[in-house]
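Below, each chain spelled out in residue letters.
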Amino acid sequence: MLQLNARQGIYLAALLHDIGKFWQRASQSRKVLPNEVLQLEGDICPKGKAGYATHIHALFTYAFFLKHRSIIPESVQIAGETVGIARLSARHHRQDLNEWERIIMLADHLSSGHDRRDDEESDEAQQSVTYKYKKIPLLNVFDTVFRVRKPDERSYFPMQAMTTGRSSFPVRRQSLDESMEPQYAALWQAFEKEFVTLPTGSTNAFLRSLDHLLRKYTWCIPSATNSMSDVSLYDHAKTTAVIASCLFDSHTAAPLPKSTDALKAETGGRFTLLAGDFSGIQKFIYQISSKGAAKTLKGRSFYIGLLQDVIIEKILRLYDIQPAHILMKSGGRFQMLLPKNDALLDDAVSFIQEANLELRRIFDGVLYLATGSVDFEAGEFFKDGRYSKLVSEAYARIEEDKSRRYARVIDTDFFRPQKVKGTSAEHICHVTGIDLDKSEVREYGDDDDRIKVSRYVKEQLELGKALKGARYLIKTAGGKGIRPLFAFLDRDYPGDLISYEVVSELSPAKIAGLKNANARVLEIQCLNETDFLAHAAELSDVSFGYQFYGAAWIPENTDDGKPVEFTDIAKDGQNDLMAIVRMDVDNLGVMFRDGFTPANDEGKHRGSISRYSTLSSLLDWFFSAYMNTLFSEHFSRKEALDDKLTVKDFRRDMPNNHILPVYAGGDDVFLITRWDMAHQTARVIYDDFKAFTNQHERLSISGGMHVVHGKYPIHKAAQNAETDEKDAKKLPDASGKAGKDAFCIYGVPLDWKDLRLTEDLMRYLITQQEEMKSRALLGFMRRLSADYHVNYHYGRWRWRTAYQLQRMGKSYKKEAEMADLASWLFVGSMNDRKPTRFKGLPMKPEIIHLVPLITRWMQNLTRTTTK
């Protein structure tokens with residue numbers, strides 16, 4: 001049985017305070033509960049206006065704790081008082097609460113923010129007639145961003161355990177009149193089956209593992225069905241637990257008031273929002289030598305996540321809190337909700353600044369973790385738009401920190417001349433070019449390819465190699481493996497030293513080794529797999545979970561065991577070119593800032609922390625979990641690509657052997673593909689994102705691709721792709737403002753609709769050229785590209801084009817087809833967005849303006865030699 005301290009007891013009670021909703025919706029009636037629970041109805045449930053008990057799910061919550069009393073203790077000691085944990089969790093809807101039960105009630109209200117009403121749930125005696133709460137699925141939160149969609153336009157998530165595939169996408173439903181009790185029942189049965197397998201040898205391992213289990217099964221369940229059902233039960237439970245933990249800590253310093261209204265009126269801060277952001281990530285990842293760059297990229301990209309994890313784990317230990325306090329973590333950024341404690345916050349920031357000094361030493365000042373924090377009172381959870389403004393304030397302070405790097409740790413020693421490191425080629429890292437001390441030099445590679453690298457670069461290279469086929473991430477204290485910030489932590493914070501190991505399987509031998517090792521295993525995470533408890537019985541004091549890694553896919557080379565190179569990605573037998581693709585969500589900050597604010601100040605603001613958490617979780621799921629499935633499964637089939645727009649066959653007949661994702665998560669994607677696959681891959685990502693957001697007219701992705709040969713310096717190619725992405729975001733809309741929602745191909749920003757239009761024309765040209773069995777059409781396009789100029793839109797190119805197309809049509813018996821092509825060129829128009837390269841164009845953009853782009857594209861597609 002678990003041994004819970006006071007804070008853990010409060011946290012667990014809050015985390016499971018609504019677990020009864022899950023069980024209730026999976027049951028025919030309350031009669032499934034034991035009599036000893038039913039007899040407590042008057043003590044657990046409040047009474048409605050008609051005098052009947054309401055919030056019956058609270059009885060199910062109470063019964064859950066009793067059912068699993070062999071795992072969860074019946075009571076916990078809080079301030080010398082024995083508190084029943086089932087009552088602590090279940091009574092949060094009543095008015096006659098003790099001071100500890102009141103914490104759960106207040107946390108529940110703060111999590112829901114504006115969602116809570118005095119008449120939060122209608123009388124359940126009336127609800128039981130229709131069982132409405134069993135018929136309402138989880139509404140897609142994107143249907144409530146910027147506006148609430150009409151009922152017949154809304155989409156809903158399927159009632160199923162979390163997966164990484166398209167089956168988890170929301171769909172529009174024709175009716176909400178069918179009970180989902182069978183689906184709830186199946187889900188509940190699976191949840192309880194896994195709940196009893198959670199590790200119980202350590203309370204911390206149990207709580208961490210439980211968080212992952214709840215996400216797996218309750219991500220698709222609405223937390224409320226009486227109002228807007230777009231907040232998941234998981235995100236409400238998680239944020240309630242985090243807030244309760246913060247309230248408990250602050251209660252010892254300043255006792256909590258007895259009502260929500262009194263808590264709203266408080267002026268003293270009880271919470272701290274801490275945000276962090278690594279600057280210099282792009283420079284860190286891409287400033288590498290060309291040899292072995294593909295493998296190095298993967299390792300360095302994943303290494304950033306491990307580095308971030310080490311620092312976050314230190315903060316969690318300082319505050320003695322659970323990982324649920326991490327509201328967001330991706331792409332080198334994180335946000336944490338912490339109890340207000342100036343001394344602990346100062347310790348956390350001081351640790352981060354010391355870590356920054358170590359990063360300066362080992363990575364030559366490239367990486368820096370900037371932080372910003374904001375203290376706030378409980379009432380901020382209820383103010384319109386205030387929570388999103390708190391996040392903005394924290395990031396504003398991050399920008400201040402970036403402009404004053406190392407300000408907290410600068411002293412006279414900071415400016416002293418540094419020790420002269422090795423001056424010969426033997427003392428320079430062959431990957432990064434950084435000078436190394438003789439003691440820091442390591443060798444890596446086979447005899448023929450042996451290079452000199454730093455200790456940390458060697459770790460990154462080994463990590464990049466180990467990621468291929470990796471299924472588990474193992475975290476240990478004092479073990480072997482990847483050890484970020486090793487020298488610094490080993491010297492100053494030995495208790496915080498964490499080692500990471502990625503492995504492809506947990507064999508019996510590996511399990512036995514973990515049990516008998518001198519190191520203590522902290523956590524085992526499955527990569528991109530939510531069935532994570534298979535080995536919990538063997539390692540009962542270890543936390544188990546899962547992590548979505550969007551860039552997990554690694555292409556296969558033709559030589560077994562040999563790492564893939566960029567030249568392998570580019571190989572097509574004709575051009576041997578690759579494309580760097582960058583994409584991210586447009587106006588993400590605006591969406592979080594204004595997305596839940598009612599239009600024209602009408603209606604009720606919906607910006608609760610639980611709704612923001614749901615939105616953030618879904619975005620991360622799409623760009624992490626689903627992206628990996630897209631790369632590893634969807635693009636494993638040649639049918640995923642248009643053969644007319646593809647050069648030739650793929651290595652091992654798998655297109656994804658020419659896709660190397662470098663990063664995918666949060667809200668952006670960075671990948672390297674063969675040149676002819678780039679725009680098709682980007683379009684699939686865009687189309688799927690639009691489907692995931694239910695074709696939301698204000699939610700979009702912009703991106704850009706830059707085509708280079710396989711040996712082009714990757715850092716320069718990444719910079720060029722970034723420029724292309726920015727050009728896409730600057731593409732004017734019909735009103736002349738930057739409209740975004742675009743993709744830049746060959747330096748030409750296009751609306752996604754125009755990209756499809758261009759693909760249609762390209763497909764038509766390729767088909768005609770194949771049927772003509774001649775490159776005459778390509779020659780015509782080259783001449784047209786040279787003849788046409790926007791300043792001579794009605795010049796002689798028109799009659800020349802008409803004449804040439806007519807002759808070509810007669811020569812190849814393609815009169816009708818060439819006439820169609822003439823109509824494309826003479827009168828074909830695009831959307832109302834003007835390409836940026838034609839600023840000041842006095843006419844609506846036409847297809848003819850894209851002839852240079854089409855000609856280059858067609859030339860690459862039809863080239864027959866690499867020379």
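Shown above is the structure to which this text applies.
On a predicted model such as this, the values are computed, not experimentally measured, just so you know.

**Student:** Where do I start with the overall build of the protein in this structure?
**Tutor:** Helices and strands together make up the secondary structure of the protein, namely 29 helices and 20 strands. Expected size for 867 residues packed as a compact globule is a radius of gyration near 29 Å; at 30 Å, the protein falls within 12% of this value. With the principal axes as the frame, the protein shows a C-alpha extent of 95 × 70 × 50 Å. Total accessible area computed for the protein in this model is approximately 35,100 Å², and 48% of it derives from carbon and sulfur atoms. Counting 118 positive and 115 negative side-chain charges, the protein places the centres of these two groups 4 Å from one another.

**Student:** Would you explain the sheet that holds strand β14 (residues 543-547) in this entry?
**Tutor:** Ordered in space as β12-β11-β13-β14, the four strands form an open sheet in which the pairing is mixed. Edge positions in the sheet fall to β12 (498-503) and β14, since each of these pairs with one other strand and no more. Put simply, the sheet's adjacent strands are angled 25° from each other on average, direction ignored. Pairing between strand β11 (residues 472-477) and β12: six bridges, direction antiparallel. Its bridge partner lying in β12, Tyr472 is registered against Val503. In the packing of helix α10 (residues 203-218) onto the sheet, contacts are made with β11, β13 (520-527) and β14, and the angle to β14 comes to roughly 35°.

**Student:** What exactly am I supposed to notice about the environment of Asn518 here?
**Tutor:** When you line up the elements, Asn518 lands in the loop between α19 (508-516) and β13. On the accessibility criterion, Asn518 (85% relative accessible area) is exposed.

**Student:** Please clarify how the packing of helix α27 (residues 797-811) against helix α28 (residues 815-827) should be interpreted in this entry.
**Tutor:** Between two packed helices, both the angle of their axes relative to each other and the distance between the axes serve to describe the pair. In contact at an axis separation of 8 Å, α27 and α28 are set at 160° when each is read in the N-to-C sense. As judged from the angle between their axes, α27 and α28 are roughly antiparallel. Between α27 and α28 lies a crossing whose hand is right-handed. Residues Trp797, Arg798, Thr801, Ala802, Leu805, Met808, Gly809 and Lys810 of α27 pack against Glu815, Met818, Leu821, Ala822, Leu825 and Phe826 of α28. Of the residues contributing to the contact of α27 with α28, the split by class is nine nonpolar, two polar and three charged.

**Student:** What should I look at first to understand unusual backbone geometry in this one?
**Tutor:** Negative phi is the rule for most residues except glycine; trans is the rule for most peptide bonds. Phi at Asp576 takes a positive value of approximately 50°, unusual for a residue other than glycine. With respect to the helices and strands, Asp576 occurs in the loop between α20 (566-570) and β15 (577-585). On the basis of relative accessible area, Asp576 is assigned to the partly exposed category, the value being 22%. The residue Tyr746 is not glycine, and still its phi comes out positive at about 55°. Mapped onto the fold, Tyr746 is located in the loop between β19 (742-745) and β20 (748-751). For Tyr746, a relative accessible area of 12% puts it in the buried group.

Thresholds, definitions, all that
- Residues numbered from 1 in each chain as written.
- Predicted model: local features only at pLDDT ≥ 70, side-chain atom pairs only at ≥ 80, totals over all residues.
- Heavy atoms only, no water.
- Helix = DSSP H or I, 4+ residues; strand = E, 2+ residues; numbered from the N terminus.
- Rg over C-alpha atoms; globule rule 2.2 N^0.38 Å.
- Areas by Shrake-Rupley, 256 points an atom, 1.4 Å probe, with all protein chains shown as cover.
- Lys, Arg positive; Asp, Glu negative; His and termini not counted.
- Charge placed at Lys NZ, Arg CZ, Asp CG, Glu CD.
- Pairing = 2+ DSSP bridges.
- Axes fitted to C-alpha atoms, helices over the stretch in contact; angles between N-to-C directions.
- Contact = heavy atoms within 4.5 Å.
- Buried < 20%, exposed > 50% of the residue type's maximum accessible area, 1.4 Å probe, protein only.
- Parallel < 35°, antiparallel > 145°, perpendicular 65-115°, else oblique.
- Left-handed = near helix turned anticlockwise from the far one by under 90°.
- Nonpolar A, V, L, I, M, F, W, Y, C, P; charged D, E, K, R; others polar.

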